[in-house]
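Here is how the chains run, residue by residue.
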Amino acid sequence: MLYFTRTPLWLKMLYPTCLWNYPATPDVKRIYLSFDDGPHPTATPFVLDELKKYNARASFFCIGKNVIAEPKIYKRILMEGHRVGNHTFNHLNGWKTDNKIYLQNIEQAHELIDSDLFRPPYGRATAFQIRNLIDKLHYKVVMWDVLSGDFDLKVDGKKAAERVIQKSKSGSIIVFHDSAKAYRVLQVALPVVLAYFSGAGYSFETIK
């Protein structure tokens, strides 16, 4: 499986209107944890419990159909001070979906997810889709600069944690997944990452 653990500069420059990370500040250490594909009945409560241990805030990019399936967990995300974002209604790949259908699917999810943040599933959206999301639907399109790889069946939790720790810096937007597929890795990696950065004096903030 081919993917970048740390997003290269050339890729960020291809989509300059998207948010990839925040500027690093020498006097303040901040990390922006994000979780895609929930709410999930097992993974999301685990994430919320771990975040609470460190008084950490995070951003959850939710799938509309999963919000319908898990309304209590979705409400808990909000009640505990985290941010939510739109991740389409059906986890659509923008590269493989008609523009009209893709944007309608996002609007369908918006009826359940009240947020101006959007992250395209797989990080795949066309320039036309991104332009419409920003200019017409007034979303902030959020990507990332560090990918944990927790979805990768060849990666274990220890390796995923090491990748995140090595590649992240102040201002990094980090992606984990609160999903069934990623849970095996997530439940090992997330506590390690939280403990490491908390011990190093970082705070965990929501995406603005």
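Just above sits the structure.
The structure displayed is predicted, hence computed values, not measured ones. (Residues numbered from 1 in each chain as written. Predicted model: local features only at pLDDT ≥ 70, side-chain atom pairs only at ≥ 80, totals over all residues. Heavy atoms only, no water.)

Q: Can you help me understand the overall build of the chain in this one?
A: Within the chain, the secondary structure is distributed over 8 helices and 8 strands. Relative to the 2.2 N^0.38 estimate, which gives 17 Å for 208 residues, the radius of gyration of the chain is 16 Å and therefore close to what a compact globule would have. Dimensions of the chain, computed from the C-alpha atoms along their principal axes, are close to 45 × 40 × 35 Å. With 208 residues in all, the chain has 53% of them scored as buried. For the chain, restricting intrachain contacts to residue pairs at least 6 apart in sequence, the fraction spanning at least 24 positions comes to 78%. Roughly 10000 Å² of accessible area belongs to the chain as shown, and the carbon and sulfur atoms make up 56% of that amount. Distance between charge centroids for the chain: 4 Å, based on 28 positive and 20 negative side chains. (Helix = DSSP H or I, 4+ residues; strand = E, 2+ residues; numbered from the N terminus. Rg over C-alpha atoms; globule rule 2.2 N^0.38 Å. Buried < 20%, exposed > 50% of the residue type's maximum accessible area, 1.4 Å probe, protein only. Contact = heavy atoms within 4.5 Å. Areas by Shrake-Rupley, 256 points an atom, 1.4 Å probe, with all protein chains shown as cover. Lys, Arg positive; Asp, Glu negative; His and termini not counted. Charge placed at Lys NZ, Arg CZ, Asp CG, Glu CD.)

Q: How do you make sense of the side chain of Asp36 when you look at a structure like this?
A: As for its placement among the helices and strands, Asp36 is situated in strand E1 (residues 30–36). Taking the relative accessible area as the measure of exposure, Asp36 reaches 4% and is therefore buried. Not counting residues within four places of it along the chain, the set of residues in contact with Asp36 comprises Phe61, His87, Arg119, Val175, Phe176, His177 and Asp178.

Q: Would you mind showing me how to read the side chain of Ser170 here?
A: On the secondary structure map, Ser170 appears in the loop between helix H7 (157–167) and strand E7 (173–177). Side-chain polar atoms of Ser170 contact the backbone nitrogen of Arg30, separated by 3.1 Å. (Polar contact = N/O pair within 3.5 Å; in protein donor to acceptor, adjacent residues only side chain to side chain.)

Q: Honestly, the environment of Leu194 in this entry has me stumped. Any pointers?
A: Counting through the fold element by element, Leu194 comes out in helix H8 (residues 183–199). Linking Leu194 and Glu107, residues 87 residues apart in sequence, is a C-alpha distance of 34 Å. Apart from the residues within four sequence positions on either side, Leu194 is in contact with Leu33, Glu50, Leu51, Tyr54, Ala56 and Phe204.

Q: For this particular structure, what's the right way to read the pattern of salt bridges?
A: Any two side chains of opposite charge can pair, on the condition that their charged atoms come close. Counting across every chain of the model gives 7 salt bridges. When the shortest N-O distance is used, the salt bridge between Arg119 and Asp36 registers 2.7 Å. With Arg119 in the loop between strand E4 (117–118) and helix H6 (127–135) and Asp36 in strand E1, this pair connects stretches of sequence that are 83 residues apart. Here the two residues Arg119 and Asp36 agree in accessibility, since each one is buried. Notably, a salt bridge pairs Glu80 with Arg76, separated by 2.6 Å at the nearest N-O pair. (Salt bridge = Lys/Arg side-chain N within 4 Å of Asp/Glu carboxyl O.)

Q: I keep staring at unusual backbone geometry and nothing clicks. Help me out?
A: Residue Pro39 is bonded to the preceding Gly38 through a cis peptide linkage, with omega at 0°. Along the chain, Pro39 falls in the loop between E1 and helix H2 (43–53). Phi is positive for Tyr122, which is not a glycine, with a value near 65°. For Tyr122, the position within the fold is in the loop between E4 and H6.

Q: Can you walk me through the packing of H2 against H8 in this structure?
A: For any two helices packed against each other, the geometry is given by the interaxial angle and the distance between the axes. H8 packs onto H2 with a crossing angle of 10° between their chain directions and a minimal axis gap of 10 Å. Classified by the angle between their axes, H2 and H8 sit roughly parallel to one another. Judged by residue contacts, Ala43, Phe46, Val47, Glu50 and Leu51 of H2 engage Tyr183, Leu186, Gln187, Leu190, Pro191 and Leu194 from H8. (Axes fitted to C-alpha atoms, helices over the stretch in contact; angles between N-to-C directions. Parallel < 35°, antiparallel > 145°, perpendicular 65-115°, else oblique.)

Honestly, that's just the spatial picture; any functional story needs more than this.
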